[in-house]
Amino acid sequence: MPQILVDHSAGLEFDRAGLAEEVHKLITEVIDTTVGECKTLFRPAEQFTVGDGTTGEQLVLVQIKLLAGRSTAQRAELTARVLAALQARIDVPAGIGVEVTELDRETYRFVHHTGR
């Protein structure tokens, strides 16, 4: 169920597989789910701007989508832990944002489609 969307500057070098593995583990430590339920998508962006564009900073924006029902404290803890994981993996100046949002349990669906 957890969906992790990582938008980042296309030229930013960091261990994506290692980050996904760490974030999946962090999620299971904070909420009741399994690593097998976590899904991460990395989306490099060729065009981005931080501030007025003169700082040279790279950019990483992470959105973690969970089924509704987690406490604010759980979501805040997950945000802080994912932010720390990103800071530990990025070696250049970067703007980093992390947000944990909720999916509506009544309308969200996910399937493992086997193809035709």
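Because the structure is predicted, anything quoted here is derived from the model rather than measured.

Draft legend 1. Representation of helix α1 (residues 16-30). Helix length check: α1, at 15 residues, gives a terminal C-alpha distance of 21 Å against a target of 21 Å (1.5 Å per residue), a fit within 8%. All of the buried residues along α1 are Gly 18, Leu 19, Ala 20, Val 23, His 24, Leu 26, Ile 27 and Val 30. Each element contacted by the buried residues of α1 is listed here: β1 (3-9), β2 (39-45), β3 (58-67) and α2 (72-89). Taking the backbone nitrogen of Ala 17 as reference, a side-chain oxygen 3.4 Å away marks Asp 15 as the first, capping residue of α1.

Draft legend 2. Main features of the environment of Val 50. Looking at the element boundaries, Val 50 is found in the loop between β2 and β3. Its relative accessible area of 17% is what places Val 50 among the buried residues. Considered as a pair, Val 50 and Thr 34 are 16 residues apart in the sequence and their alpha carbons are 35 Å apart. Among all residues touching Val 50, those that are not within four sequence positions of it are Thr 55, Glu 57, Gln 58 and Leu 59.

Draft legend 3. Broad picture of the nonpolar core. The biggest cluster of nonpolar side chains holds 26 residues, and the ones touching the most others in it are Ile 4, Ile 27, Val 62, Ile 64, Leu 78, Val 82 and Leu 86. When contributions to this core are tallied by element, the ones reaching two or more residues are β1, α1, β3, α2 and β4 (94-103). Other than its neighbours up to four places away in sequence, Val 62 contacts Ile 4, Leu 5, Val 6, Val 82, Leu 86, Gly 97, Val 98 and Glu 99.

Draft legend 4. Focus on the side chain of Thr 101. Along the polypeptide, Thr 101 turns up in strand β4. A relative accessible area of 18% means that Thr 101 is categorised as buried. Apart from residues lying up to four places away in sequence, Thr 101 is in contact with Gln 63, Ile 64, Lys 65 and Leu 66.

Draft legend 5. Region of the structure containing the sheet that holds β2. With mixed pairing, four strands are arranged side by side in an open sheet as β2-β1-β3-β4. Bordering the open sheet on either side are β2 and β4, each of which pairs with just one other strand. Neighbour to neighbour, the strand axes of the sheet diverge by 15° on average, direction disregarded. Pairing of β1 with β2, which is carried by seven bridges, proceeds in the parallel orientation. Pairing of Asp 7 across the sheet is with Arg 43, part of β2. The strands touched by α1 within the sheet are β1, β2 and β3, with β2 carrying the most contacts at an inclination of about 140°. On top of the sheet, α2 reaches β3 and β4; it is set at about 150° to β4, its chief contact.

Draft legend 6. Structural context of the packing of α1 against α2. The geometry of α1 relative to α2 is characterised by a closest axis approach of 10 Å and an angle of 155° between their N-to-C directions. Relative to α2, the element α1 lies roughly antiparallel. Crossing of α1 over α2 shows right-handed handedness. Facing Gly 18, Leu 19, Glu 22, Val 23, Leu 26, Ile 27, Glu 29 and Val 30 of α1, the residues of α2 in contact are Gln 74, Glu 77, Leu 78, Arg 81, Val 82, Ala 85, Leu 86 and Arg 89. A breakdown of the residues in the contact of α1 with α2 according to their chemical character gives nine nonpolar, two polar and five charged.

The rules behind each value
- Residues numbered from 1 in each chain as written.
- Predicted model: local features only at pLDDT ≥ 70, side-chain atom pairs only at ≥ 80, totals over all residues.
- Heavy atoms only, no water.
- Helix = DSSP H or I, 4+ residues; strand = E, 2+ residues; numbered from the N terminus.
- Expected span 1.5 Å × (residues − 1).
- Buried < 20%, exposed > 50% of the residue type's maximum accessible area, 1.4 Å probe, protein only.
- Contact = heavy atoms within 4.5 Å.
- Polar contact = N/O pair within 3.5 Å; in protein donor to acceptor, adjacent residues only side chain to side chain.
- Core = buried A, V, L, I, M, F, W, Y, C linked by side-chain atoms within 4.5 Å.
- Pairing = 2+ DSSP bridges.
- Axes fitted to C-alpha atoms, helices over the stretch in contact; angles between N-to-C directions.
- Parallel < 35°, antiparallel > 145°, perpendicular 65-115°, else oblique.
- Left-handed = near helix turned anticlockwise from the far one by under 90°.
- Nonpolar A, V, L, I, M, F, W, Y, C, P; charged D, E, K, R; others polar.

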